[in-house]
Amino acid sequence: MTNQEVARLLRNVAAAYSIKDEKKHIFQIIAYQKAADAIYNLPHELKDVLRERTQEKIPGVGPSILSHLEELFAKGRVKHFEEIMKGIPPSVFPLLKVTTLGPKKAYKLTSHLKLNNPDTIVDDLIIAAQKNKIAGIPTFGEKSQADILRALEEYKLGKIKANRMPLPYAFELARKTEEYLRKSKFAEQVFPLGSLRRMMATVGDIDFAVATKQPKEIINHFINYPGTERVIEKGEASSSILVSGGRQVDLMVQDPDSFGSLLQHFTGSKYHNVALREFALKKGMSLSEYGVKVRIGKKQELKKFKTEKDFYQFLGLDWIIPEMRENKGEIELAIKHNLPKIVELKDIRGDLHIHSSYPIEPSHDLGKDTMQQMLGKSRSLGYDYIAFSEHNPGITNHSKNQIYSILAKRSEYIEQLKESNKGIRIINLLEVDILPSGELAMDDKSLDYVEAAIVSVHSVFSTPRQKMTKRVLRGLSNPKAKILAHPSGRLINQREEYELDWDEIFDFALKHNKAIEINAWPTRLDLTDTLVDQARKMGVKFVIDTDSHASYQMDNMFYGVSVARRGWCTKKDILNTLPYEQFYKWLTG
DNA sequence: GCCGTTTTCGGCCCGACTGTTTTCAGTCG
């Protein structure tokens, strides 16, 4: 069972509790939901954590739930869960994934209509709605019947929250919406918030906050956004629309005097906010998007904040960068004024993973721009150094001597470039395939023509974990191999990551002074933030690269840095923040 | 059911929006 499946099961238990008696079980419900969240976000497979009996406990999972989980993995079922779920049609649970349906509505629908088959429930319910059978159920009416029907149809079309888009795409969508919102003369400030501001690798909804004295005007302007497919909600303080492509955009508006509180609230994350509110509560304060309620004598007074910094400071905390707001210890550090200084885009001094159009006759795709064009771009970015790292020449269509000759010519060409471009240091790298055997696609003589190698997996992805780990480590063990590129192999929404024993990979990297790449390609963004965090804690070093195949793509560095920031990296964790001499010493050492 | 910078007992985040049951339940972020 995967972590996601376990989390789903725990959420179902919580749903069953709330169907049976929400008031009576309210705290169990919260506990099960918290445990589900914790397991969903766990960096390791729960199965492994339980087996290895690591003493590191999972926050939110106490002795009771832990024993249930052990029973789950030992026997495949949990007696206690079965008892809680007894009497609830199994068809309730698939419905929980449909928006606007929660446990109560799902239960009312399935039990009134006597629809018990979990495999067909969505279609069964669509038919029931079409036959006008939902409107007659107590607490449901014509409007809710129509809403449920649409929600079910959208669910079938795959317009579910789980479908998140890669961060750079979300940025583009947000940019358009932001431009539109700024057109209103009543918008004093416009900010994209939520997971976008926290720079998560994938984004679901796009969130916006607007500071205004005229909330009604702004909300009316918002729902008239040209891309609007449907208005989901429209109130006095907030509104949501569905834009073309099935993306949801949420808006919250507020008076400029309280805008700092709204920024904080709407940036999240939910876990950060909940933890922050629990902390404030202990100090007798209550937090919301309007400000901080403080008890003065018998009266409650609302303190307002124009900026986020003021808000955090009032609570006694340092301002926390959005990327860290996930309740992973940042609140405690902010209280102690001990937050780390996180790496920034301006700290980056070079890009090492660049595919030019040099005719290397590669195993995979060639870049579109010449080395000269790429150099021009890196100059405009203010870099001190860049490395060219095209894919190795194809090994099926070239003899060894042909490969030597191609690499020799390329090396000569790069040497000439070095001579004529004194302002920026150029490094001769190569991206070399790690073959299924673990051997590198280039032999040692080929590697003599480059200063170091980036190694990566580009084929046979579905390999068992132990075998894949061995393969990668063998490739990485070549003395010339210094960087493991896009280490998980995932392509967001296209291809799952392959399986690796990360502890072993990180151990090896640490011992042998290899760097793990954080790849800034929009659909890669891997190593992922949680693994970055894990590796960083062990002392592993990273490089952040764009993997550019055209010069404009070198701007993607921003997204790679955001992954490092979410993994709490400081400058010293990222090797390409080093000055050239130090960096080169590591690379060739 | 979980947890501890008041606590191993007694608490547990806060508010918006919608439809329907004209005062609230359900869902969402």
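Quick notes on the overall build of chain A
Check the secondary structure of chain A and you find 23 helices and 17 strands. For 589 residues, the compact-globule formula gives about 25 Å, and the C-alpha radius of gyration of chain A, at 27 Å, lands near that figure. Counting only C-alpha atoms, chain A reaches 80 × 60 × 50 Å along its principal axes. Across the 589 residues in chain A, those meeting the buried criterion constitute 54%. Taking the intrachain contacts of chain A between residues at least 6 apart in sequence as the baseline, contacts between residues at least 24 apart amount to 67%. Here chain A has roughly 27800 Å² of accessible surface; of this, 52% comes from carbon and sulfur atoms. Looking at chain A, you have 87 positive and 76 negative side-chain charges, and the mean spots of the two groups are 5 Å apart.

Remarks on the sheet that holds strand S10 (residues 299-303)
Read from one edge of the open sheet, 3 strands run S8-S9-S10, paired in antiparallel fashion. The outermost strands of the open sheet, each flanked by one partner alone, are strand S8 (285-288) and S10. If you compare each strand with its neighbour and ignore which way they point, the axes differ by 25° on average. Sheet analysis places strand S9 (residues 291-296) next to S10, joined by 5 bridges and oriented antiparallel. Its bridge partner lying in S10, Ile 296 is registered against Lys 299.

Considerations on the sheet that holds strand S4 (residues 206-211)
Read across the sheet, 5 strands follow the order S2-S4-S7-S6-S5 without closing on themselves; strand pairing throughout is mixed. In this open sheet, the two strands that pair with only one neighbour each are strand S2 (189-193) and strand S5 (228-234). The mean angle between the axes of side-by-side strands here comes to 20°, regardless of whether they run parallel or antiparallel. With 6 bridges joining them, strand S6 (residues 238-243) and strand S7 (residues 247-254) adopt antiparallel strand pairing. Bridge pairing in S7 places Ser 238 opposite Met 252. Sitting on the sheet, helix H9 (residues 167-182) is in contact with S2, S4 and S7, with an inclination near 25° to S4. Against the sheet, helix H11 (residues 215-223) contacts S4, S5, S6 and S7, and its axis sits at roughly 165° relative to S7.

Here's the deal with empty space enclosed by the protein
Scanning all chains against the criterion turns up 2 cavities of 30 Å³ or more. Of the voids in this model, the largest cavity is the one considered here, and its volume is about 90 Å³. Taken together, Glu 323, Met 324, Glu 326, Lys 328, Asp 529, Thr 530, Asp 533, Arg 566 and Trp 568 make up the lining of the largest cavity. Here the residues of the lining of the largest cavity are counted per class, giving 2 nonpolar, 1 polar and 6 charged. Two domains share the lining of the largest cavity, each providing at least three of its residues, namely domain 3 (258-335) and domain 4 (345-588). Put simply, the second largest cavity is a space of about 40 Å³. As for the second largest cavity, its lining consists of Ser 261, Gln 264, His 265, Asn 273, Leu 276, Arg 277, Leu 287, Ser 288, Glu 289 and Phe 311.

Some details on the packing of aromatic side chains
Going through the model one piece at a time under the given rule, you end up with 17 aromatic pairs. A centroid spacing of 5.5 Å and a plane angle of 75° characterise the contact between Phe 171 and Tyr 559, whose relative ring orientation is edge-to-face. Pair noted here: Phe 171 is in helix H9 and Tyr 559 is in helix H22 (residues 557-566), with a separation of 388 residues, a long-range link. Residue classification places Phe 171 among the partly exposed residues on the basis of a relative accessible area of 26%. An angle of 85° between the planes, with centres 5.9 Å apart, marks the rings of Phe 311 and Tyr 312 as edge-to-face. Under the relative-accessibility criterion, Phe 311 is labelled buried at 0%. We classify Tyr 312 as buried; its relative accessible area is 0%. Its end group placed over the ring of Trp 319, Lys 309 keeps NZ or CZ at 5.5 Å from the ring centre. Across the ring face of Phe 461, the terminal group of Arg 495 is positioned such that the distance to the ring centre comes to 3.9 Å.

Regarding the pairing of S9
Where S8 and S9 come together, 4 bridges link them in antiparallel fashion. By the bridge assignment, Met 285 is partnered in S9 with Val 294. What sits between the antiparallel neighbours S8 and S9 is a turn of 2 residues.

Observations concerning the environment of Gly 268
Take Gly 268: it is sitting in the loop between helix H12 (259-267) and helix H13 (270-282). Relative accessible area serves as the criterion here: at 6%, Gly 268 is assigned to the buried category. Distance in space between the C-alpha atoms of Gly 268 and Pro 322 is 8.1 Å, their sequence separation being 54 residues. Residues within four places of Gly 268 in sequence aside, it is in contact with Arg 198, Asn 273 and Arg 325.

Points about the pattern of salt bridges
Under the defined criterion, the tally for this structure stands at 35 salt bridges. Linking Arg 175 and Glu 179 is a salt bridge whose minimum nitrogen-to-oxygen distance equals 2.8 Å. Here Arg 175 pairs with Glu 179, and both are found in helix H9, just 4 residues apart, close to one helical turn. The class for Glu 179 is partly exposed, based on a relative accessible area of 46%. Asp 529 is paired through a salt bridge with Arg 566; the nearest N and O atoms lie 2.7 Å apart. Pair noted here: Asp 529 is in helix H21 (residues 529-538) and Arg 566 is in helix H22, with a separation of 37 residues, a long-range link.

Thresholds, definitions, all that
- Residues numbered from 1 in each chain as written.
- Chains lettered and ligands numbered in written order.
- Predicted model: local features only at pLDDT ≥ 70, side-chain atom pairs only at ≥ 80, totals over all residues.
- Heavy atoms only, no water.
- Helix = DSSP H or I, 4+ residues; strand = E, 2+ residues; numbered from the N terminus.
- Rg over C-alpha atoms; globule rule 2.2 N^0.38 Å.
- Buried < 20%, exposed > 50% of the residue type's maximum accessible area, 1.4 Å probe, protein only.
- Contact = heavy atoms within 4.5 Å.
- Areas by Shrake-Rupley, 256 points an atom, 1.4 Å probe, with all protein chains shown as cover.
- Lys, Arg positive; Asp, Glu negative; His and termini not counted.
- Charge placed at Lys NZ, Arg CZ, Asp CG, Glu CD.
- Pairing = 2+ DSSP bridges.
- Axes fitted to C-alpha atoms, helices over the stretch in contact; angles between N-to-C directions.
- 1 Å grid on protein atoms, 1.4 Å probe; cavity = no way out; pocket = protein on both sides within 12 Å on 5 of 7 lines; lining within 4 Å.
- Points joined across faces, edges and corners; volume = space filled by probe spheres on them.
- Nonpolar A, V, L, I, M, F, W, Y, C, P; charged D, E, K, R; others polar.
- Domains from an automatic or database assignment.
- Phe/Tyr/Trp six-rings, centres within 6.5 Å; stacked < 30°, edge-to-face > 60°.
- Lys NZ or Arg CZ within 6 Å of the ring centre and 35° of its normal.
- Salt bridge = Lys/Arg side-chain N within 4 Å of Asp/Glu carboxyl O.

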